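What follows is each chain in one-letter form.
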Amino acid sequence: MIERGTIFCDNNMAEVKIIGFGEGIPKRCVSNDALTTLVDTNDEWIRSRTGIQQRYIATDETLTDLCTQAAQNALEQAGITAEQLDLVIVATLTPDLALPNASCMLQKSIGAVNAACFDLSAACSGFMYALNTARMYIKGGAAKYALVVGGEILSKIIDWTDRSTCVLFGDGAGAAVVAKSDEPGILDIVLGTDGAKGEALMLEERPSDNPFRRQYIEENGAIETNLPSAGSFVSMNGQEVFKFAVKRVPECIFKILENTGYSVEDIDYYVLHQANLRILSCVAKKIGVSYDKFYVNLDKYGNTSAASVPIALVEMSKKGMLKKGMKVIMVGFGGGLTWGGGLVII
Ligand code: ACO
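In this text the structure is predicted, and so the values were computed from the model without any measurement.

Draft legend 1. Representation of the overall build of the protein chain in the model. Helix and strand counts for the protein chain stand at 11 helices and 14 strands. Taken over the C-alpha trace, the protein chain has a radius of gyration of 20 Å; the compact-globule value for 346 residues is 20 Å, and the two agree within 12%. Referenced to the eigenvectors of the C-alpha coordinate spread, the extents of the protein chain come out at roughly 65 × 45 × 45 Å. The buried share of the protein chain, reckoned over its 346 residues, is 53%. Pairs at least 24 apart in sequence give 79% of the contacts found in the protein chain among residues at least 6 apart. Per element, the accessible surface of the protein chain, about 15,600 Å² overall, is 51% carbon and sulfur. Of note, the protein chain has its 32 positive side-chain charges centred 4 Å away from the centre of its 40 negative side-chain charges.

See the structure below:
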């Protein structure tokens, strides 16, 4: 069954389970108060509009360092070695280098010598897109063990003089080891995209330039493109993103529930991308479920984009909140605009 704008995945193949989680967090914790020395803001504004109290920002750490930490923790919990991995996918929009990509650098660092490695770019939904990709490889028999990492060093693409964005984000990485299983694990994943609204969150790529293009411009004058004008730092239409999130996330949750036959009450926890407290409470209200079922840690980490869902799962696991058999819905949403949600049995 394939619907317009949505990828629904056929479940009639091998079961796939998440068998380990891990996180990599930079050392340097930056409070809201610390940001008041950079921009005209204050702790009260940031807390009341977003729920964020602090975030971790990379200083001497690279993305590879954070992903390595997350991967090693996840492998340890899964009880497998890096050599057993068939696949490594890193979801990121902030790799250390364009070449080699983040997954190849991670492979080298952890010694996943038998794995095929690639990066995936779907912004804050990246972890869910990567998780689904790994799931499909395993379901199709092309892999037995996969490592899925969402990791970002957003601090390098943020304008630290722009108070409307710099207070929102943090750095970090979260990883999951995914494996073929005899028991139910990832029951369903629903992905969707609305590229028409992409301009709500933008960041420039390296500008096009080569001798032939320059010669063309000399001969024909400036090239007009229909590309939207994006800056070299993240820009955001916060209210558009807000409206998008509170519409698409509930839709995504209801679709997952419809596909799997569960009700909102059957779900033990909702683990959503940690963008904004008001988005989370609005989604809880819209789906008609107690906010207590929503895990929140954005007060501590800020918005870590592709890393936020796996980091939340690690914390929940460490706190003993995730018991075998529990049902958890995870949803990522953000740049693109994209969204992706899934239901897993712990
Ligand atoms: N400190 C103090 N004042 C600020 C700050 C700040 N850090 N940032 C903006 N303001 C001011 C603005 O300049 C504006 O002042 P003005 O009224 O004098 O012009 C005022 O606060 C209100 O600004 P808005 O942008 O209208 O504030 P809003 O209530 O919409 O909150 C926010 C902004 C928190 C970004 C909100 O739009 C939101 O939650 N959007 C969702 C998007 C989101 O969470 N994005 C995260 C990244 S994307 C993702 O992960 C999916």
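Draft legend 2. Representation of the packing of aromatic side chains in the model. As enumerated under the stated definition, the model contains 5 aromatic pairs in all. Considering the side-chain rings of phenylalanine 118 and tyrosine 137, the 6.3 Å spacing of their centres and the 40° angle between planes classify their relative orientation as tilted. Of the two residues, phenylalanine 118 is situated in strand 6 (residues 116-120) and tyrosine 137 in helix 5 (residues 126-139); the sequence distance between them amounts to 19 residues. Residue classification places tyrosine 137 among the partly exposed residues on the basis of a relative accessible area of 33%. Among the aromatic residues, those joined into a cluster by ring pairs are Tyr270, Tyr291 and Phe294.

Draft legend 3. Seen up close, helix 5. With 14 residues, helix 5 should cover 20 Å at 1.5 Å per step; its first-to-last C-alpha distance of 20 Å lies within 8% of that length. Every buried residue of helix 5 is listed here: Gly126, Phe127, Met128, Tyr129, Ala130, Leu131, Asn132, Ala134, Arg135, Ile138 and Lys139. Glycine 141 sits one or two positions beyond helix 5 and adopts a positive phi of about 85°.

Draft legend 4. View of helix 8 (residues 238-260). Over its 23 residues, helix 8 extends 33 Å from the first C-alpha to the last, a length consistent with the 33 Å expected when each residue adds 1.5 Å. Turning to helix 8, its buried residues number three or more, namely Val241, Phe244, Ala245, Val246, Arg248, Val249, Pro250, Cys252, Ile253, Lys255, Ile256 and Leu257. Following helix 8 by one or two positions, glycine 261 adopts a phi angle in the positive range, close to 80°.

Draft legend 5. Just the pairing of strand 13 (residues 327-334), in detail. Burial runs high along strand 13: 8 of the 8 residues are buried. The two faces of strand 13 match: Lys327, Ile329, Val331 and Phe333 on one face and Val328, Met330, Gly332 and Gly334 on the other face are all buried. Bridge count for strand 12 (residues 269-272) against strand 13 is 4 bridges, and the pairing is parallel. Bridging from a neighbouring strand, valine 271 pairs with methionine 330 of strand 13. Hairpin connection between strand 13 and strand 14 (residues 338-345): a loop of 3 residues separates the two successive antiparallel strands, and glycine 336 in this loop has a positive phi of roughly 140°.

Draft legend 6. Here's a closer look at the layout of surface pockets. Approximately 1,500 Å³ is the volume found for the largest pocket. Forming the boundary of the largest pocket are 50 residues, of which Phe169, Leu201, Met202, Val234 and Met236 lie nearest the centre. Residue assignment for the lining of the largest pocket shows that the elements contributing at least two residues are helix 2 (43-50), helix 6 (163-166), strand 10 (201-202), helix 8, helix 9 (277-287) and strand 13. With 4 residues, the single largest contributor to the lining of the largest pocket is helix 8. Considered class by class, the residues forming the lining of the largest pocket number 24 nonpolar, 18 polar and 8 charged. If you add up the space inside the second largest pocket, you get close to 330 Å³. Lining the second largest pocket are 13 residues, and of these Pro207, Ser208, Thr225, Leu227 and Pro228 sit closest to its centre. A per-class count over the lining of the second largest pocket returns 6 nonpolar, 3 polar and 4 charged.

Draft legend 7. How the structure looks around the site of the ligand. Around the ligand lies a shell of 24 residues, among which Thr41, Arg49, His273, Asn276 and Asn303 are the nearest. At 2.4 Å, a side-chain N or O of asparagine 276 approaches an oxygen atom of the ligand. About the coverage of the ligand: the protein hides 74% of its 1,000 Å² of free accessible area. Here the ligand is seated within the largest pocket. Among the secondary structure elements, those contributing two or more residues to the shell around the ligand are helix 2, helix 6, helix 8, helix 9 and strand 13. Here the residues of the shell around the ligand are counted per class, giving 11 nonpolar, 9 polar and 4 charged.

Draft legend 8. Highlighting the side chain of asparagine 101. Inspection of the secondary structure assignment puts asparagine 101 in the loop between strand 5 (87-91) and helix 4 (102-110). A polar atom in the side chain of asparagine 101 sits 2.9 Å from the side chain of serine 103. A distance of 2.9 Å separates the side chain of asparagine 101 from the backbone nitrogen of cysteine 104, its partner in a polar contact. Excluding its chain neighbours within four sequence positions, the residues that come into contact with asparagine 101 are Phe118 and Asp119.

Draft legend 9. Structural view of the environment of glycine 20. Relative to the assigned elements, glycine 20 resides in strand 2 (residues 15-24). What makes glycine 20 buried here is its relative accessible area of 1%. Taking the C-alpha atoms as reference points, glycine 20 and valine 314, 294 residues apart in sequence, are found 8.8 Å from one another. Apart from the residues lying within four places of it in its own chain, the contact partners of glycine 20 are Ala74, Gln77, Ala78, Ala175, Ala176 and Val177.

Basis of the calculations
Residues numbered from 1 in each chain as written. Predicted model: local features only at pLDDT ≥ 70, side-chain atom pairs only at ≥ 80, totals over all residues. Heavy atoms only, no water. Helix = DSSP H or I, 4+ residues; strand = E, 2+ residues; numbered from the N terminus. Rg over C-alpha atoms; globule rule 2.2 N^0.38 Å. Buried < 20%, exposed > 50% of the residue type's maximum accessible area, 1.4 Å probe, protein only. Contact = heavy atoms within 4.5 Å. Areas by Shrake-Rupley, 256 points an atom, 1.4 Å probe, with all protein chains shown as cover. Lys, Arg positive; Asp, Glu negative; His and termini not counted. Charge placed at Lys NZ, Arg CZ, Asp CG, Glu CD. Phe/Tyr/Trp six-rings, centres within 6.5 Å; stacked < 30°, edge-to-face > 60°. Expected span 1.5 Å × (residues − 1). Pairing = 2+ DSSP bridges. 1 Å grid on protein atoms, 1.4 Å probe; cavity = no way out; pocket = protein on both sides within 12 Å on 5 of 7 lines; lining within 4 Å. Points joined across faces, edges and corners; volume = space filled by probe spheres on them. Nonpolar A, V, L, I, M, F, W, Y, C, P; charged D, E, K, R; others polar. Near = heavy atom within 4 Å. Polar contact = N/O pair within 3.5 Å; in protein donor to acceptor, adjacent residues only side chain to side chain. Sits in = over half its atoms within 2 Å of the grid points.

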